[in-house]
Amino acid sequence: MSFFRRFSRSPEAVIGASILGVLVVMALFAPLLFPRDPLSIAGPALLRPFQDWSLPLGTDRLGRDVLAGLFHGARTSLAVGLASAATAIIIGTIVGTLAGFAGGLTDEALMRITDAFQTVPGFLLALAFVSVIGPSLFVVVLAIALGTWTGPARIARAEVLSIRERDYVASARVIGMHPLEIAFREVLPNALPPVLALSSVIVAAAILTEAALSFLGLGDPNRVTWGGMIAEGRTVLRSAPFLSIIPGIALVLTVLGVYLAGEGAVETTAVRRGRS
Amino acid sequence: MTAPLLVASGLHKRFSRGGKTVVALDNVSFEIGQGETLALVGPSGSGKSTVARTILRLIEPDAGNIHFEGEDFLAQHGARLRAGRAKLQMVFQDPLAAFNPRATVARVLDDPLRIHDLADRAHRPKIIASLLDRVGLSPNLRDRAIHEISGGQRQRVAIARALATKPALMVLDEAVSALDVSVRGQILELLLDLQEAENIAYLFISHDLGVVRSIAHRVAIMDAGRIVETGPAAEVVANPKSAIGKALVAATPKLLRKA
Amino acid sequence: MTPRVFLQELGVSYRSNGTEVEALRDISLEIRTGERLAIIGESGSGKSTLALAIAGLLPASTRIEGRIDWPELGRVPQNGRDIGFVFQDPASSLNPVLTIGEQIAEVARTHLGLNWRQSYKRAEELLHRVHLPDPASALSAFPHQLSGGQRQRVAIAEAIAARPALLIADEATSALDTIVQAEIVTLIQELIVQDGMSLLFISHDIALASEIADRIAVFRYGRLVEIADTNRIVTAPTEAYTRQLLDAHMGLDVEPLLRKAEAGKLS
């Protein structure tokens with residue numbers, strides 16, 4: 001049975017994948033559906049939702065289109081979430097593989113660095129990093145990755161420690177393969193599955209961290225973000241609660257979608273392995 | 001007689017696990033001549049596999065010397081050691097565990113050719129085909145994944161991989177123990193054919209005296225990290241002197257032919 | 001003599017990736033009371049499937065045809081109580097976080113209705129019977145503290161704890177070296193006679209089987225090739241495949257391959 005057929009049998013996975021699908025479509029079509037700069041003024045300020053059908057979700061304090069913001073915000077959330085998770089997993093896996101495979105002093109040094117990063121809360125680290133270097137999309141991605149690479153590093157190291165003792169690694173040494181080639185070609189690909197199982201959690205956490213940074217005004221100022229929209233709405237929370245609630249719901253659904261789809265994928269592959 | 005191919009002398013190795021120290025090798029010395037099969041026999045935990053892994057520099061001994069083709073093998077490091085490994089190859093017990101689970105037959109055979117720069121990219125497929133042919137496999141297997149082929153075929157691929165670098169010595173660590181009996185006979189015959197054609201020496205590690213007697217020139221019996229007896233295979237098996245040798249002979253299953 | 005277990009046209013098939021794989025087909029044989037029956041075969045012969053089928057250990061998705069009867073018992077046999085099972089790898093069949101004593105006592109308690117105190121006493125007797133050195137202190141040891149051979153002795157003690165009528169040893173000595181293998185085989189022989197158990201000895205080694213079994217059944221590709229007294233199988237096999245297995249055995253009395261090869265070179 002194919003992966004997709006089994007995947008589609010699990011209802012959670014289907015719901016998660018559908019939410020993600022909608023998000024991706026929103027992100028892809030945002031510039032087509034809302035070609036105007038979402039930060040520009042589109043109408044009267046504080047228009048409530050469902051009043052004017054050219055601005056279906058209303059406008060914010062400055063008269064900006066909420067629906068356009070939601071669509072363009074999906075781009076930022078997904079881009080930052082995926083990019084920082086990918087960065088964290090790549091850095092983490094490389095560090096973990098090197099530490100586990102080299103052992104000895106290299107392992108000790110790399111793992112103490114990992115400890116150092118892990119003792120500082122990831123969000124504080126990101127906060128400090130962005131405040132010092134200045135908010136731009138690239139810096140935000142890096143800042144989030146900085147706080148999350150330690151998890152993948154530890155898992156990769158643990159996996160590599162067990163793979164290192166397998167016969168096929170000994171066999172690669174016997175034929176004279178270079179240690180770096182053994183680490184990255186023989187060991188790393190086989191250490192990857194458990195790290196990837198963690199990726200949905202990392203992506204979801206990254207999306208939330210990005211929103212939190214934006215909420216505190218440390219997001220990229222030239223982009224619409226959901227966190228920024230929630231922060232904007234906060235000042236008029238009593239008179240126009242929808243300004244915070246709408247992007248808040250989008251955020252919750254996104255994180256839920258990532259979790260469900262990720263879990264579905266992990267379970268599907270686990271079942272496949274269990275059978276074979 | 002020419003100088004022996006490999007001389008190991010005074011090998012010592014201790015492992016410490018959970019506070020306890022285990023002596024794995026205790027003053028182990030032996031020689032292997034060109035084209036000779038030396039079998040290493042002993043109960044589990046006697047140190048046979050540690051010897052194999054020490055000879056291959058997968059484990060470093062605490063003391064002792066290994067001279068291979070007249071050179072101090074333990075003094076070699078880094079790139080020089082990796083280049084030197086071409087002449088000293090190994091076939092493992094479980095052919096499935098000895099290959100990367102993602103590998104294909106062609107990749108497994110391509111690696112040694114590429115690493116030791118034995119052929120340029122364009123010529124490698126031809127060499128891979130001839131290696132497969134030499135171990136009695138069809139070249140059509142080349143694109144199959146390792147986990148798709150049978151245990152006997154896998155062990156043939158492992159032998160082909162070891163052969164690729166034209167080694168002078170091949171360490172066979174329980175290389176036929178996991179195979180079905182009918183396949184085992186074929187693999188042993190293949191090994192003998194290759195030995196005759198290429199003058200390869202074998203260090204044949206096994207706990208099965210029947211197999212050892214059948215293909216080895218000389219045998220060394222190990223017990224508790226020491227070599228306790230050596231001699232021509234047929235003689236040692238027919239008339240073991242050491243206690244462990246006697247126990248091994250007595251314990252070997254015999255077909256009861258009560259007429 | 002009434003048979004202890006009676007298999008009639010037993011067939012087993014697994015579903016794997018949407019296709020049905022036949023593991024056993026049309027197997028009819030009996031295991032007699034007090035007899036030692038060896039099942040011999042290479043990989044893919046279905047010999048382990050047979051052991052699992054008799055013990056009722058096949059996964060629920062397996063399709064089983066035919067019958068397995070226990071005429072003496074008159075009820076459905078219970079694993080652990082009527083059947084003792086010894087697996088190839090004691091490292092994975094014993095629970096690593098329970099002491100030896102707990103594991104054996106648990107079996108005795110469940111199937112013999114003893115209290116914990118009596119169960120531990122029984123466990124100690126069993127460890128004594130399988131010749132484990134210092135049974136009293138072994139009770140509180142964990143599996144990883146024992147050698148492979150000792151662990152297999154513990155697994156045997158656990159298997160016979162409830163005095164089963166049938167002991168199944170599935171490649172029980174394959175992971176051990178020849179010396180320990182011989183000791184375990186001797187132990188199994190001894191226990192079989194003492195307790196009047198029947199033995200189903202699954203192995204790939206026809207010589208080992210010939211040393212332990214009264215009868216040998218040869219399996220290949222999920223079918224029964226032939227079954228007969230050990231003597232008959234070894235001295236006068238009727239099937240070509242059995243002869244092939246006998247010829248493949250490398251005993252200490254056959255012509256070495258090396259000598260054959262060198263003789264070939266001379267001629």
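Procedures and definitions
- Residues numbered from 1 in each chain as written.
- Chains lettered and ligands numbered in written order.
- Predicted model: local features only at pLDDT ≥ 70, side-chain atom pairs only at ≥ 80, totals over all residues.
- Heavy atoms only, no water.
- Helix = DSSP H or I, 4+ residues; strand = E, 2+ residues; numbered from the N terminus.
- Rg over C-alpha atoms; globule rule 2.2 N^0.38 Å.
- Buried < 20%, exposed > 50% of the residue type's maximum accessible area, 1.4 Å probe, protein only.
- Contact = heavy atoms within 4.5 Å.
- Areas by Shrake-Rupley, 256 points an atom, 1.4 Å probe, with all protein chains shown as cover.
- Lys, Arg positive; Asp, Glu negative; His and termini not counted.
- Charge placed at Lys NZ, Arg CZ, Asp CG, Glu CD.
- Pairing = 2+ DSSP bridges.
- Axes fitted to C-alpha atoms, helices over the stretch in contact; angles between N-to-C directions.
- UniProt positions renumbered as here; feature names shortened; annotations may be inferred.
- Buried area = accessible area lost by both parts, 1.4 Å probe.
- Salt bridge = Lys/Arg side-chain N within 4 Å of Asp/Glu carboxyl O.
- Polar contact = N/O pair within 3.5 Å; in protein donor to acceptor, adjacent residues only side chain to side chain.
- Nonpolar A, V, L, I, M, F, W, Y, C, P; charged D, E, K, R; others polar.
- Core = buried A, V, L, I, M, F, W, Y, C linked by side-chain atoms within 4.5 Å.
- Parallel < 35°, antiparallel > 145°, perpendicular 65-115°, else oblique.
- Left-handed = near helix turned anticlockwise from the far one by under 90°.
- Phe/Tyr/Trp six-rings, centres within 6.5 Å; stacked < 30°, edge-to-face > 60°.
- Lys NZ or Arg CZ within 6 Å of the ring centre and 35° of its normal.

If you tally the helices and strands in chain C, you get 11 helices and nine strands. Relative to the globule expectation of 18 Å for 267 residues, the C-alpha radius of gyration of chain C, 20 Å, shows essentially globular dimensions. With the principal axes as the frame, chain C shows a C-alpha extent of 70 × 45 × 45 Å. By residue count, 50% of the 267 residues in chain C fall in the buried class.

This brings us to the overall build of chain A. When you go through chain A residue by residue, the secondary structure sums to 12 helices and zero strands. In chain A, the order of α-helices and β-strands from amino to carboxyl end is α-α-α-α-α-α-α-α-α-α-α-α. The principal-axis extents of the C-alpha atoms in chain A amount to approximately 75 × 50 × 30 Å. Across the 276 residues of chain A, 47% fall into the buried class. Contacts in chain A between residues far apart in sequence, at least 24 positions, make up 71% of those at least 6 positions apart. Counting only carbon and sulfur atoms, one obtains 69% of the accessible surface of chain A, whose full area is about 13,100 Å². Once the 21 positive and 18 negative side-chain charges of chain A are each reduced to a mean point, those two points are 4 Å apart.

Another point: the side chain of T49(C). Residue and element names in this part refer to chain C. Here T49 lies in helix α1 (residues 47–55). For T49, a relative accessible area of 10% gives the class buried. The contacts of T49, once residues within four sequence positions are left out, are V12, Y14, A23, L24 and L58.

For the rest of this paragraph, the subject is the sheet that holds strand β1 (residues 6–17) of chain B. Two modes of strand pairing occur in sheets, parallel and antiparallel, and in both the strands are linked by backbone hydrogen bonds. Residue and element names in this part refer to chain B. Overall, antiparallel pairing links the four strands, which are arranged β2-β1-β4-β5 in an open sheet. Bordering the open sheet on either side are β2 (20–32) and β5 (71–72), each of which pairs with just one other strand. Sheet strands touched by helix α1 (residues 48–55): β1, β2 and β4 (63–68). Its angle to β2, the strand with the most contacts, is close to 65°.

What follows is about the UniProt feature "transmembrane region" (unreviewed entry) in chain A. Residues and elements named next belong to chain A. Feature annotation in UniProt places "transmembrane region" (unreviewed entry) on residues 12–34, 78–102, 123–146, 195–219 and 240–262, given in this structure's numbering. Secondary structure within residues 123–146 divides into 88% helix and 0% strand; the distance between the first and last C-alpha atoms comes to 10 Å. Each end of residues 240–262 is marked by a C-alpha atom, and these two atoms are 35 Å apart; helix forms 91% of the span and strand 0%.

Moving on, we come to the pairing of strand β9 (residues 223–229) of chain C. Sheet topology note: the strand β8 (residues 215–220) of chain C/β9(C) ladder contains six bridges and is antiparallel. What sits directly across from R220(C), in β9(C), is R223(C).

The α-helix winds at 3.6 residues per turn, so residues separated by three or four positions along the chain end up facing the same way. Among the 11 residues that make up helix α3 (residues 105–115) of chain B, nine are buried, leaving the element largely enclosed by the rest of the structure. Where the residues of α3(B) are buried, they touch α9 (179–197) of chain A together with α4 (124–134) and α5 (151–163) of chain B. Of the residues trailing α3(B), D117(B) is marked for its positive phi of about 55°.

Attention now goes to the sheet that holds strand β1 (residues 3–16) of chain C. Residue and element names in this part refer to chain C. The three strands are arranged β2-β1-β4 in an open sheet whose pairing can be described as antiparallel. Two strands in the sheet have a free side with no partner beyond their single neighbour: β2 (19–32) and β4 (63–69). With direction set aside, neighbouring strand axes in the sheet form an average angle of 5°. As judged from the six bridges shared by β1 and β4, these two strands associate in the antiparallel manner. From the neighbouring strand, G11 faces β4, where its bridge partner is E65. Strand contacts of α1: β1, β2 and β4, with the helix running at about 115° to β1, the strand carrying the most contacts.

Okay, the interface of chain A and chain B next. Tallying the contact residues gives 18 residues for chain A and 23 residues for chain B. Overall, the association of chain A and chain B removes approximately 1,900 Å² of surface from exposure, summing both partners, and the carbon and sulfur fraction of that is 49%. Three residues stand out in chain A for area buried against chain B, namely D167(A), V174(A) and I175(A), and they jointly supply 36% of the buried area on that side. Along the contact surface separating chain A from chain B lie four salt bridges. Of the charged contacts, one joins R185(A) and D111(B) as a salt bridge, the two residues approaching to 3.4 Å between their closest N and O atoms. Run the count over chain A and chain B and you get 14 residue pairs in polar contact (both at pLDDT 80 or more). At the level of elements, α8 (167–174) and α9 of chain A are the ones that each hand at least two residues to the side of chain A that touches chain B. Among the residues forming the side of chain A that touches chain B, the class breakdown is nine nonpolar, four polar and five charged.

Within the secondary structure, G185(B) is located in helix α6 (residues 181–198). Between the C-alpha atom of G185(B) and that of L113(B), which follows or precedes it by 72 residues, the distance is 29 Å.

What follows covers the nonpolar core. Core analysis: the largest hydrophobic core is formed by 56 residues, its most contacted members being V157(B), I159(B), L188(B) and F204(B). Apart from the residues lying within four places of it in its own chain, the contact partners of V157(B) are F99(B), V105(B), V108(B), L109(B), L137(B), I146(B) and I149(B). If you look at the next biggest cluster of nonpolar residues, it comprises 54 residues, including V185(C), A213(C), V234(C) and Y241(C).

The subject of this paragraph is unusual backbone geometry. A positive phi is found at N199(B), a non-glycine position, where the angle reads about 55°. By relative accessible area, which is 43% here, N199(B) ends up partly exposed. Here Y221(C), not a glycine, exhibits a phi torsion of approximately 50°, which is positive.

Turning our eyes to something else, we now look at the UniProt feature "domain: ABC transmembrane type-1" (unreviewed entry) in chain A. When the UniProt feature table is mapped to this numbering, "domain: ABC transmembrane type-1" (unreviewed entry) covers residues 74–262 of chain A. Here residues 74–262 of chain A runs as 83% helix and 0% strand, with 19 Å between its end C-alpha atoms.

Here the focus is the arrangement of the chains. Among the two pairs of chains that make contact, the interface with the largest number of contacts is formed by chains B and C. The two units chain A and chain C remain apart, with a minimum C-alpha distance of 6 Å.

All names here are of chain A. Between helix α3 (residues 66–102) and helix α6 (residues 137–148), whose axes approach to 8 Å, the crossing angle comes to 45°. Of the possible angle classes, the one that applies to α3 and α6 is oblique. With respect to the hand of their crossing, α3 and α6 are arranged in right-handed fashion. Here T76, V80, A83, S84, T87 and A88 of α3 lie close against α6, whose contacting residues are L137, V140, V141, I144, A145 and T148.

Below, the discussion takes up the environment of S147(C). All names here are of chain C. Looking at the secondary structure, you find S147 in the loop between α5 (135–138) and α6 (148–159). On the basis of relative accessibility, which here comes to 37%, the residue S147 falls in the partly exposed class. Spatially, the C-alpha atoms of S147 and A91 are 9.7 Å apart, while their sequence positions differ by 56 residues.

Going through the model one piece at a time under the given rule, you end up with six aromatic pairs over all chains. Its guanidinium or amino end placed over the ring of F73(B), R57(B) lies 6.0 Å from that ring's centre, counting from NZ or CZ.

What follows covers the interface of chain B and chain C. Taken together, the contacts link 34 residues of chain B with 35 residues of chain C. Approximately 3,100 Å² of surface area, both sides summed, lies buried where chain B meets chain C, with 60% of it carried by carbon and sulfur atoms. Along the contact surface separating chain B from chain C lie zero salt bridges. Counting across the interface, chain B meets chain C through 13 residue pairs in polar contact (both at pLDDT 80 or more). Elements supplying a minimum of two residues to the side of chain B that touches chain C: α6, α7 (209–215), α8 (233–238) and α9 (243–251) of chain B.

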